[in-house]
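Close look at the chain arrangement
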Amino acid sequence: MIRNYLAAAALTTLLVAQSHAALIFNTGASWRFFKGRTEASTPDTTAWRGLNFNDSAFTNAPAPFWYDANGDSSTLAGGTQLTDMQNQYTTLFLRRSFVLTNISDISSLKLSAFCDDGFIVWINGAEVQRYNVPAGVLAFNASASAAVTEPVSLTDYTLLNPSSYLTLGTNVIAVQIFNAGTA
């Protein structure tokens, strides 16, 4: 069975404050999402990644985001099934706000994701992680480098220098998800 879980489909961001970890949001959290039929923002195609972007044109739905290439979604439960993605578009844009009340206690961040096929993550507009996609700015119709063998497993990524991109109060994490192709 082909199951296409999209990058960050089950995304957990953990913050480590001194000797303990605190969950910022869980894997089934709701995200604002925009289907990659066009750029998520124009004329500035990077604006959607920033804190002050108006995402009212995005839809709100729970993770994981997925589609089933063989038409049998009976083994894929929960989250948001994208029934129109296959053979139509390769990317998805995700945004989620979170609030921090004391950033001086944050020593590191950990991002945990199920990923098939690739993604780029920004926090407050600063790129913090990239997986299985080429370098540079990637358009709405870009693809991941190559498909990942399924089933995918949860992978942890340590995000470097959180003090350089986190702010006190509201922050936003933005994720552009890429499939290796439309099929």
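Residues numbered from 1 in each chain as written. Predicted model: local features only at pLDDT ≥ 70, side-chain atom pairs only at ≥ 80, totals over all residues. Heavy atoms only, no water.

Here's the deal with the nonpolar core
Ranked by size, the top nonpolar core spans 31 residues in total, and within it Phe 65, Ile 123 and Ile 173 carry the most contacts. Elements that contribute at least two residues to this core include exactly strand S4 (30-35), strand S6 (65-68), strand S8 (91-100), strand S9 (106-113), strand S10 (118-123), strand S12 (155-159) and strand S13 (169-178). Of all hydrophobic cores here, the second largest spans 13 residues; its members include Ala 40, Trp 48, Leu 138 and Ala 142. (Core = buried A, V, L, I, M, F, W, Y, C linked by side-chain atoms within 4.5 Å. Buried < 20%, exposed > 50% of the residue type's maximum accessible area, 1.4 Å probe, protein only. Helix = DSSP H or I, 4+ residues; strand = E, 2+ residues; numbered from the N terminus.)

Digging into the environment of Leu 168
The topology assignment puts Leu 168 in the loop between S12 and S13. Distance in space between the C-alpha atoms of Leu 168 and Thr 101 is 5.9 Å, their sequence separation being 67 residues. Contacts of Leu 168, omitting those with residues within four sequence positions, involve Leu 100, Thr 101, Asn 102 and Ile 103. (Contact = heavy atoms within 4.5 Å.)

Some points on the confidence of the model for the protein
Per-chain confidence: the protein averages 81 in pLDDT, with 79% of residues scoring 70 or above. Counted against residues more than four places away or in other chains, residues 1-18, with its pLDDT under 50, gives 106 contacts. (pLDDT = per-residue confidence, 0-100.)

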